[in-house]
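Breakdown of the fold
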Amino acid sequence: MNILVTGGAGFIGSHVVRLLVNKYPDYQIFNLDALTYAGNLENLKDIESKSNYTFLKANINSAKVINDLFENYKFDKVIHLAAESHVDRSISDPLVFVKTNVIGTMNLLDAALANWKNNFVGKLFYHISTDEVYGTLGETGLFTETTSYDPNSPYSASKASSDHFVRAYGETYGLPYIISNCSNNYGPNQFPEKLIPLFINNIVNNKSLPVYGDGNYTRDWLFVKDHAEAIDLLLHKGGIKETYNIGGFNEWKNIELVQSLCKIMDKKLNRIEGKSADLITYVKDRPGHDKRYAIDAGKINGELGWKPSVTFEEGLEKTIDWYLEHQTWLGNVTKGKYREYYNEQYK
Ligand code: NAD
Ligand code: TYD
């Protein structure tokens, strides 16, 4: 079986690639990634010499390149994670999100269709999406698979659009697909522009912790390895033309999460309790900031028995330890262009 994973050098993708390469020695795993600022082959150092792993440096925005790769490598299944993934960047530069998340997905869909259309047996286009396509919740309620799409940021609008195209290719051309919509992931290897790794890095470096608005925004958090396990499960057991919500059953208000993080960091860094929390600074809110995301993961749980295996306390501890042990990784990814982004975003 030849499996194409797009975006495998990124945060979630690298955990998916590692899991598949180690668990299925009989599968050939192809990691296609353009290595944007968010892609980093250091994430996969431990598996790069395995005989069932191949890295393909390519950009999904090029239809020809993608089609040639399909012709050469005869992929049976695609797990599509490559994307521009950060909401704040989508606010300052929305078009790149359309190019990669919408057009890039179209290029993959077209290549899959052109190469598979005579025989869809054993083929699968598995599209990885986000709960952000559903928009925002009030104080109560959960997103289910039938919640209407209502995206509020250019990022979520581009992901919603790609989800619609995947579904449309299934309905119109019979392309076998699965879509899963997951809540906020955290864990090792996440680029330090997202809340948890950004704040860990800032605490280590005694920099302020920029909490947007009043900090009372709520997210559901899932440890990245549990997401990778869910993806593996759906790849093998998911229903064709089905959508699955994946979540951590783990809602936190940002400010409460940040306070917990600060407490753990004080202990890890042998600081007096309260030292890290002193760095909390309320800053201007994100435009169009979604108030609350929360997932009903009852379908994947009820039909396939998946549930998170890592508690938030364990996951946060593992994540913090990983970042503290990988200061060189952090140093490398936060140099150069990232510094420019940071100065502009938090000026
Ligand atoms: P990430 O930003 O860490 O990684 C994205 C990867 O895609 C990088 O390796 C990057 O180099 C690659 N990439 C970007 N543009 C590309 C292009 N044009 N061609 C080829 N490769 C390209 O993202 P992530 O957080 O790992 O998210 C992966 C996927 O999961 C995305 O589709 C995202 O929408 C989705 N998702 C993420 C979360 C989350 O909390 N991070 C939650 C739910 C869903
Ligand atoms: P983020 O990690 O960017 O994920 P998403 O926007 O996709 O949910 O942000 C998580 C939450 O943290 C979100 O409510 C925005 C907030 N946030 C801050 O308060 N400050 C920051 O510097 C960042 C990056 C995020």
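Anyway, here's the lowdown on the structure attached to this text. (Residues numbered from 1 in each chain as written. Chains lettered and ligands numbered in written order. Predicted model: local features only at pLDDT ≥ 70, side-chain atom pairs only at ≥ 80, totals over all residues. Heavy atoms only, no water.)

Details of the sheet that holds strand β7 (residues 184-186)
Paired through their backbone hydrogen bonds, the strands of a sheet run either parallel or antiparallel. Sheet architecture is open: 3 strands sit in the order β7-β9-β11, paired in mixed fashion. Among the strands making up the open sheet, the edge pair consists of β7 and β11 (251-253). Averaged over all neighbouring strand pairs, the angle between strand axes comes to 50°, with direction disregarded. Relative to strand β9 (residues 218-223), β7 runs parallel, the two sharing 3 bridges. For asparagine 184, the partnering residue across the bridge sits in β9 and is tryptophan 221. (Pairing = 2+ DSSP bridges. Helix = DSSP H or I, 4+ residues; strand = E, 2+ residues; numbered from the N terminus. Axes fitted to C-alpha atoms, helices over the stretch in contact; angles between N-to-C directions.)

Side note on the nonpolar core
Membership of the largest hydrophobic core comes to 36 residues, with the highest contact counts inside it found for Ile79, Tyr126 and Ile246. For this core, the elements supplying multiple residues, two or more each, are β1 (2-6), α1 (11-23), β5 (124-130), β6 (177-182), α7 (224-237) and β10 (242-246). Beyond its immediate chain neighbours, meaning those up to four positions away, isoleucine 79 contacts Ile3, Leu4, Val5, Thr6, Val16, Leu20, Tyr126, Ile128, Ile231 and Leu235. Counting 32 residues, the second-largest nonpolar core is a separate cluster that includes Trp221, Phe223, Val258 and Cys262. (Core = buried A, V, L, I, M, F, W, Y, C linked by side-chain atoms within 4.5 Å. Buried < 20%, exposed > 50% of the residue type's maximum accessible area, 1.4 Å probe, protein only. Contact = heavy atoms within 4.5 Å.)

Considering the side chain of serine 153
With respect to the secondary-structure elements, serine 153 resides in the loop between β5 and α5 (154-173). Residues in contact with serine 153, not counting those within four places in the same chain, are Val87 and Ser90.

Notes on unusual backbone geometry
Backbone geometry at asparagine 189 places phi at a positive 75°, although glycine is not the residue there. Mapped onto the elements of the fold, asparagine 189 is located in the loop between β7 and α6 (195-204). For asparagine 189, a relative accessible area of 8% corresponds to the buried category. Despite not being glycine, lysine 241 has its phi angle at roughly 65°, a positive value. Tracing the backbone shows lysine 241 in the loop between α7 and β10. Assessed through its relative accessible area of 37%, lysine 241 is described here as partly exposed.

A look at the layout of surface pockets
There is about 530 Å³ of room inside the second largest pocket. Lining the second largest pocket we find 21 residues, and of these Asp88, Ser92, Glu344, Gln345 and Tyr346 sit closest to its centre. Taken together, the elements giving at least two residues each to the lining of the second largest pocket come down to α3 (87-92), α4 (94-116), β8 (209-212) and α12 (337-345). Per element, the largest residue contribution to the lining of the second largest pocket is 4 residues, and it comes from α3. (1 Å grid on protein atoms, 1.4 Å probe; cavity = no way out; pocket = protein on both sides within 12 Å on 5 of 7 lines; lining within 4 Å. Points joined across faces, edges and corners; volume = space filled by probe spheres on them.)

A word on the site of ligand 1
Ligand 1 sits among 29 residues. The nearest are Ile12, Asp33, Ser85, Tyr155 and Lys159. Measuring from an oxygen atom of ligand 1, one finds a side-chain N or O atom of serine 85 at 2.6 Å. Contact distances for ligand 1 include 2.7 Å between an oxygen atom and a side-chain N or O atom of lysine 159. When the free accessible area of ligand 1 is taken as 840 Å², the share hidden by the protein chains comes to 96%. Counting residues per element, the shell around ligand 1 draws most heavily on β5, at 3 residues. (Near = heavy atom within 4 Å. Polar contact = N/O pair within 3.5 Å; in protein donor to acceptor, adjacent residues only side chain to side chain. Areas by Shrake-Rupley, 256 points an atom, 1.4 Å probe, with all protein chains shown as cover.)

Describing helix α8 (residues 254-268)
Taking 1.5 Å of rise per residue, 15 residues should cover 21 Å, and α8 covers 21 Å from first to last C-alpha, within 8% of that figure. Within the span of α8, buried status applies to Asn254, Ile255, Leu257, Val258, Leu261, Cys262, Met265 and Asp266. Structurally, α8 contributes buried residues whose contacts are with α6, β8, β9, β11, β12 (280-283) and α10 (312-325). (Expected span 1.5 Å × (residues − 1).)

Details of the sheet that holds β5
Spatially, β3-β2-β1-β4-β5-β6-β10 is the arrangement adopted by the 7 strands of the open sheet, whose pairing is parallel. Of all the strands in the sheet, the pair left with one neighbour each is β3 (53-57) and β10. For this sheet, the mean angle separating the axes of adjacent strands, direction not counted, is 20°. Relative to β10, β6 is paired through 5 bridges, and the arrangement is parallel. Residue isoleucine 178 lies in a different strand from β10, and its bridge partner there is glutamate 242.

Examining the pairing of β8
Burial along β8 is two-sided: Leu209 and Val211 facing one way and Pro210 and Tyr212 facing the other are all buried. Bridge analysis of β8 against β12 gives 4 bridges, and the strand direction is parallel. Among the inter-strand pairings, tyrosine 212 is bridged to a residue of β12, identified as valine 283.

Concerning helix α2 (residues 63-73)
What α2 keeps buried is the set Ile66, Leu69 and Phe70. Here the buried residues of α2 occupy an arc of 100° about the axis, which is enough to place them on one side. Opposite the packed face of α2, turned more than 90 degrees from it, sit the exposed residues Lys64 and Asn72. Looking at the packing, one finds that the buried side of α2 touches β1, β2 (28-33), β3, β4 (77-80) and α4. Two residues or fewer after α2 comes lysine 74, characterised by a positive phi angle close to 50°. (Arc of directions from axis to C-beta.)

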